Amino acid sequence: VILAILMASESRSHGTSIFSKRSAFVALILRCFLGVGMALSWGPLPWILNCEILPIEVRSAGQGLSTAISFA
């Protein structure tokens, strides 16, 4: 939420203004926290669920589909 507020307040002129160095640094740090939080919580869930839930016959297809959707 803080990252969204920062981005909205800094791009008040339809995205044509340049971020200040301080705001860019804060946005970078907040984005890093967002990535770490995702990696430690819900990030690996599709790979874990496919290995545990799907039967052997369709596991590879489910894994491929899950990975493709995740990267898309």
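These numbers were taken from a predicted model, which means no experiment stands behind them.

Enquirer: Describe the overall build of the protein chain, and please don't skip the residues or the numbers.
Expert: Helix and strand counts for the protein chain stand at four helices and zero strands. When the elements of the protein chain are put in sequence order from the N terminus, they spell out α-α-α-α. For the protein chain, the C-alpha radius of gyration of 18 Å lies well beyond 11 Å, the compact-globule estimate for 72 residues. Across its three principal axes, the protein chain shows a C-alpha extent of roughly 55 × 25 × 15 Å. The proportion of buried residues among the 72 residues of the protein chain is 11%. When the accessible area of the protein chain is evaluated, it comes to approximately 5900 Å², of which 74% is carbon and sulfur surface.

Enquirer: Report on helix 4 (residues 56–71), specifying residues and quantitative values.
Expert: Each α-helix winds once per 3.6 residues, and so residues spaced three or four apart point in a common direction. With 16 residues, helix 4 ought to run about 22 Å at 1.5 Å a step, and its terminal C-alpha atoms sit 23 Å apart, in line with that. Taken together, the buried positions of helix 4 are occupied by Gly62, Gln63 and Ser66. Buried residues along helix 4 sit against helix 3 (45–53).

Enquirer: An account of the packing of helix 1 (residues 2–10) against helix 2 (residues 21–40) is needed here, citing residue identities and associated values.
Expert: Put simply, helix 1 and helix 2 touch, their axes get as near as 10 Å, and they point 155° apart. Of the possible angle classes, the one that applies to helix 1 and helix 2 is roughly antiparallel. You can see that helix 1 and helix 2 cross each other, and the crossing is left-handed. Contacts between helix 1 and helix 2 involve Ile2, Leu3, Leu6 and Glu10 from the first element and Ser23, Val26, Ala27, Leu30 and Arg31 from the second. Partitioned by chemical class, the residues of the contact of helix 1 with helix 2 number six nonpolar, one polar and two charged.

Enquirer: Give me the lowdown on the confidence of the model for the protein chain, citing residues and values where you can.
Expert: Across the protein chain, pLDDT averages 82, with 92% of residues at or above 70. The lowest-confidence element of the protein chain is helix 1, averaging 78 in pLDDT; the highest-confidence one is helix 2, averaging 87.

Enquirer: Any chance you could break down the environment of Phe25 for me, citing the residues and the numbers?
Expert: Positionally, Phe25 belongs in helix 2. On the accessibility criterion, Phe25 (52% relative accessible area) is exposed. Considering only alpha carbons, one finds Phe25 and Val36, eleven residues apart in sequence, at a separation of 17 Å.

Each value, and the rule that gives it
- All residue numbers refer to position in the chain's written sequence, counted from 1.
- Local features in a predicted model are, by the rule used here, given only for residues with pLDDT of at least 70; side-chain atom pairs are given and counted only at 80 or more, and totals for whole chains, interfaces and linings are based on all residues.
- The side-chain figures draw on all heavy atoms in the structure; neither hydrogens nor water molecules are used.
- In this text, helices come from DSSP runs of H or I with a minimum length of four residues, and strands from runs of E with a minimum of two, each type numbered from the N-terminal end.
- Restricting the calculation to C-alpha atoms gives the radius of gyration, and the globule rule supplies 2.2 Å times the number of residues raised to the power 0.38.
- Using a 1.4 Å probe on the protein chains alone, a residue whose accessible area is under 20% of its type maximum counts as buried, one over 50% counts as exposed, and one in between counts as partly exposed.
- Every accessible area reported is derived by Shrake-Rupley at a probe size of 1.4 Å, with residue values counting cover from the shown protein chains alone.
- One fewer than the residue count of a helix, multiplied by 1.5 Å, yields its expected span.
- The contact definition used throughout considers only heavy atoms, calling two residues in contact when any of these lie within 4.5 Å.
- Axis lines are fitted through C-alpha atoms, for helices just across the contact stretch, and the angle between N-to-C directions can take any value from 0 to 180 degrees.
- Relative orientations are named as follows: roughly parallel for angles under 35 degrees, roughly antiparallel for angles over 145 degrees, roughly perpendicular for angles from 65 to 115 degrees, and oblique for any other angle.
- Here a crossing is taken to be left-handed if its near helix is turned anticlockwise relative to the far helix by less than a right angle, and right-handed if that turn runs clockwise.
- In this classification, Asp, Glu, Lys and Arg are treated as charged, Ala, Val, Leu, Ile, Met, Phe, Trp, Tyr, Cys and Pro as nonpolar, and every other residue, Gly included, as polar.
- The predictor attaches a confidence to each residue, called pLDDT, with possible values from 0 through 100.

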